[in-house]
Amino acid sequence: MSEPAPTTSKPPVDERTVKRAVWASAMGNATEWYDYGVFTSGAIATSIGTLFFPGEGNAVLKSLALLAVGFIVRPFGGAFFGPLGDKIGRKRVLAITILLMSGCTFLVGVLPTYAGGYSMGIAAPIAILLLRIIQGFSTGGEYGGAATFIAEYSPTKRRGFFGSFLELGTLGGYVLGNLVVLSVTLSLSADQVDAWGWRIPFFVALPLGLIGLYLRNKLEDTPEFRRMEAAGEAPKKAPLKEIFVRNWRMILNLIGIVLLLNVADYLLLTTMPTYFTDTLKINDNTATLIIIAVEVIQMAIIIPLGALSDRIGRKPLLLTAAIGFLVLSWPSLKLMQSGSILWLFVGFLVVAILLVLILAVIGSTFPAMFPTRVRYGSFAIGYNISTSLFGGTAGVVVTALIKSTGNEDWPAYYLMAAALIAIIPIIKIPETSQVPMEQIDTEDNSGKLSSAAAQR
């Protein structure tokens with residue numbers, strides 16, 4: 001009797017399993033952004049800059065520069081882990097990345113500092129720099145894989161709804177980071193924070209990572225990857241060359257959209273806390289409370305916006321956000337500079353709502369730009385190139401420009417320039433809100449969906 005031909009249909013998945021896959025993926029994003037929330041809070045940023053780097057100078061800028069170093073290696077992490085995830089599966093790679101991310105954050109909390117009773121001297125800044133590099137390398141493989149994991153598990157007509165939970169993890173992780181820091185700074189004196197209290201928030205990252213690892217290990221790999229394997233279509237080796245040869249146009253579109261996403265993301269979530277305290281002279285705890293309040297509002301509306309994109313498409317929300325940043329960034333910043341806490345809150349909320357319009361749909365938009373065979377790698381490489389060049393450096397560049405020119409409007413100028421660039425690729429990409437993920441395998445070399453897929 002002859003062997004049956006391998007099936008090419010996607011394995012069925014019940015909604016309970018989809019929800020578990022969504023939460024398993026979102027936990028990785030929460031762990032990543034918990035780290036940013038801790039690292040960029042005013043009190044912790046000052047402590048890190050002071051305790052690990054010798055010499056006089058702006059401690060916050062030193063801490064932001066350390067954070068930016070991790071972004072330099074993110075494209076290399078994306079180029080390594082992304083194609084590997086296309087070859088051996090999403091689940092295995094995501095288990096590695098979440099352990100590396102949470103482990104490196106935890107180890108920052110146990111490092112001896114440059115000086116003091118428990119010190120390493122010059123080895124201290126070198127050690128923390130190495131940990132940030134490893135953390136950045138692993139993060140380069142995390143986001144693309146997590147988004148791909150959700151998108152390939154989600155039913156077509158609810159991909160926007162489920163995809164938005166990925167960025168709910170981003171906001172939740174960042175809020176948790178800020179809340180932990182706020183608890184530490186309210187409970188301890190400034191001297192206690194500098195002596196040992198700054199370590200506490202970093203310790204929390206390890207249990208977060210272990211929870212995410214547990215959830216991921218309880219799942220099979222994605223139905224779409226298993227379908228590809230069963231059909232004998234999985235690449236025999238990491239398809240790095242194929243990614244660039246067949247998908248470079250769509251990767252360029254991704255880079256252009258991610259430019260706006262990450263300039264907005266990192267300016268608003270990681271740079272504005274220090275902008276409020278250093279430039280606008282707002283109290284650390286007041287600034288933290290404002291940011292937490294705005295992020296809670298973002299968390300409240302992100303899931304309904306993701307569901308809305310299943311009905312009207314992803315592109316209308318992306319275009320609304322880009323045009324909004326172009327028009328409203330400068331007026332919003334002027335509200336923040338008014339000297340009134342109320343108007344500062346309103347101005348920050350306006351740009352935060354524009355950002356959440358993007359966050360709500362990227363988990364469903366970006367994976368659907370690429371075919372299954374090279375989806376993880378194409379996404380990870382394009383996303384991390386853009387993040388490294390424009391997102392991770394945004395805080396350092398904007399802070400340096402403010403200090404060198406004395407002009408406090410640079411955050412708005414940066415956002416407006418990013419929005420102007422992003423409008424073009426947003427217009428160019430196909431609308432994929434009703435296109436099954438397996439149908440995207442028919443994408444041709446021009447980076448456009450085939451007519452059959454586009455009509456679905």
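For the structure itself, consult the block above.
A quick note: this is a predicted structure, and the numbers were derived from the prediction, not measured. (Residues numbered from 1 in each chain as written. Predicted model: local features only at pLDDT ≥ 70, side-chain atom pairs only at ≥ 80, totals over all residues. Heavy atoms only, no water.)

*Asks:* What am I meant to see in the packing of helix H13 (residues 284-312) against helix H15 (residues 341-365) here?
*Replies:* Angle between the axes and distance between the axes are the two parameters that describe a pair of packed helices. Where H13 meets H15, the closest approach of the two axes is 8 Å, and the angle between their N-to-C directions is 35°. The handedness of the crossing between H13 and H15 comes out as right-handed. Among the residues making up the contact of H13 with H15, the classes are represented as 21 nonpolar, 4 polar and no charged. (Axes fitted to C-alpha atoms, helices over the stretch in contact; angles between N-to-C directions. Helix = DSSP H or I, 4+ residues; strand = E, 2+ residues; numbered from the N terminus. Left-handed = near helix turned anticlockwise from the far one by under 90°. Nonpolar A, V, L, I, M, F, W, Y, C, P; charged D, E, K, R; others polar.)

*Asks:* Can you help me understand the environment of Thr222 in this one?
*Replies:* Within the fold, Thr222 resides in the loop between helix H10 (205-217) and helix H11 (223-230). A relative accessible area of 0% places Thr222 in the buried class. Put simply, Thr222 and Val18 are 204 residues apart on the chain and 9.7 Å apart in space, counted from C-alpha to C-alpha. In this structure Thr222 touches Arg90, Phe149, Glu152 and Tyr153, once residues within four positions along its chain are discounted. (Buried < 20%, exposed > 50% of the residue type's maximum accessible area, 1.4 Å probe, protein only. Contact = heavy atoms within 4.5 Å.)

*Asks:* Looking at this model, I keep getting lost on the nonpolar core. Mind explaining?
*Replies:* Inside soluble globular proteins, nonpolar side chains tend to come together where they are buried. One finds Ile48, Trp198, Phe276, Phe325, Met336, Phe348 and Phe366 to be the most contacted residues of the largest nonpolar core, which totals 109 residues. Top contributing element to this core by residue count: helix H12 (residues 240-279), with 19 residues. (Core = buried A, V, L, I, M, F, W, Y, C linked by side-chain atoms within 4.5 Å.)

*Asks:* Can you help me understand the side chain of Ser164 in this one?
*Replies:* Locating Ser164 in the fold gives a position in helix H7 (residues 159-187). Among the polar contacts made by the side chain of Ser164, one reaches the main-chain carbonyl oxygen of Phe161 at a distance of 2.6 Å. Setting aside residues no more than four positions away along its own chain, Ser164 makes contact with Ile302, Ile303, Gly306 and Ala360. (Polar contact = N/O pair within 3.5 Å; in protein donor to acceptor, adjacent residues only side chain to side chain.)

*Asks:* Please explain the pattern of salt bridges as it appears in this structure.
*Replies:* When the charged atoms of two side chains with opposite charge come close together, those side chains can pair. Under the definition given, this model contains 13 salt bridges. Across the salt bridge formed by Glu32 and Arg74, the nearest N and O atoms sit 3.5 Å from each other. Highlighted residues: Glu32 in helix H1 (residues 15-40) and Arg74 in helix H4 (residues 74-88), separated in sequence by 42 residues. Put simply, Asp86, Arg90, Glu152 and Arg375 are held in one network by salt bridges that share partners. (Salt bridge = Lys/Arg side-chain N within 4 Å of Asp/Glu carboxyl O.)

*Asks:* Would you take a moment to explain unusual backbone geometry for this structure?
*Replies:* Note: most residues except glycine have negative phi, and most peptide bonds are trans. Even without a glycine there, the phi angle at Lys281 is positive, about 60°. Mapped onto the secondary structure, Lys281 falls in the loop between H12 and H13.

*Asks:* Help me understand the environment of Thr185 in this model?
*Replies:* With respect to the helices, strands and loops of the structure, Thr185 is situated in helix H7. Sequence spacing of Thr185 and Asn285 is 100 residues, and the spatial spacing of their C-alpha atoms is 8.0 Å. Aside from chain neighbours lying at most four places away, what touches Thr185 is Ala43, Val193 and Asn285. Within the structure, the side chain of Thr185 is placed 3.0 Å from the backbone oxygen of Leu182, a separation counted as a polar contact.

*Asks:* Whenever I open this one, H7 confuses me. Can you help?
*Replies:* Structural remark: α-helix, 3.6 residues per turn; residues separated by three or four positions point the same way. A rise of 1.5 Å per residue sets the reference length of H7, with its 29 residues, at 42 Å; its end C-alpha atoms lie 42 Å apart and thus fit the reference within 8%. Judged by how many residues are buried, H7 sits mostly within the fold: 23 of 29 residues are covered. (Expected span 1.5 Å × (residues − 1).)

*Asks:* Looking at this structure, I do not really get the packing of aromatic side chains. What am I missing?
*Replies:* Remark: the centre distance and the inter-plane angle together describe each pair of aromatic rings, the angle taken between the planes. All told, the structure shown has 22 aromatic pairs when counted by the stated rule. An angle of 75° between the planes, with centres 5.5 Å apart, marks the rings of Trp23 and Phe165 as edge-to-face. Here Trp23 is found in helix H1, whereas its partner Phe165 is found in helix H7, with 142 residues between them in sequence. On the basis of relative accessibility, which here comes to 45%, the residue Trp23 falls in the partly exposed class. On the basis of relative accessibility, which here comes to 14%, the residue Phe165 falls in the buried class. With centroids separated by 5.0 Å and ring planes inclined at 70°, the aromatic side chains of Phe161 and Phe162 adopt a geometry described as edge-to-face. Through successive ring pairs, a cluster of aromatic residues spans Trp33, Tyr36, Phe71, Tyr174 and Tyr266. (Phe/Tyr/Trp six-rings, centres within 6.5 Å; stacked < 30°, edge-to-face > 60°.)

*Asks:* Help me understand the environment of Val108, please; the structure alone is not making it clear to me.
*Replies:* Within the secondary structure, Val108 sits in helix H5 (residues 90-108). Along the backbone, Val108 and Pro430 are 322 residues apart, and their C-alpha atoms lie at a distance of 43 Å. Setting aside residues no more than four positions away along its own chain, Val108 makes contact with Phe39, Ile128, Leu131, Trp198, Arg199 and Phe202.

*Asks:* Could you clarify how one ought to interpret the packing of H1 against H5 in this entry?
*Replies:* Relative to each other, H1 and H5 sit at 25°, their axes nearing to 9 Å. With respect to each other, H1 and H5 are oriented roughly parallel. Pair H1 / H5 crosses with left-handed handedness. Along its contact with H1, which presents Met27, Gly28, Thr31, Glu32, Asp35 and Phe39, the element H5 presents Ile98, Met101, Ser102, Thr105 and Val108. Here the residues of the contact of H1 with H5 sort into 5 nonpolar, 4 polar and 2 charged. (Parallel < 35°, antiparallel > 145°, perpendicular 65-115°, else oblique.)

*Asks:* I tried to follow the side chain of Thr105 on my own but got confused; where do I start?
*Replies:* Tracing the chain through its elements places Thr105 in helix H5. Separated by 3.1 Å, the side chain of Thr105 and the backbone oxygen of Met101 make a polar contact. If we skip the residues at most four places from it in the chain, Thr105 touches Asp35, Gln135, Phe202 and Ala205.

*Asks:* Would you mind going over a nonpolar patch on the surface with me for this structure?
*Replies:* Residues Tyr114, Ile122, Ile126 and Leu130 make up a contiguous nonpolar surface patch of about 380 Å² in total accessible area. The residue Leu130 is located in helix H6 (residues 123-153) in this model. (Patch = residues over 30% accessible without salt bridge, like charges linked within 9 Å, V, L, I, M, F, W, Y side chains within 5 Å. Areas by Shrake-Rupley, 256 points an atom, 1.4 Å probe, with all protein chains shown as cover.)

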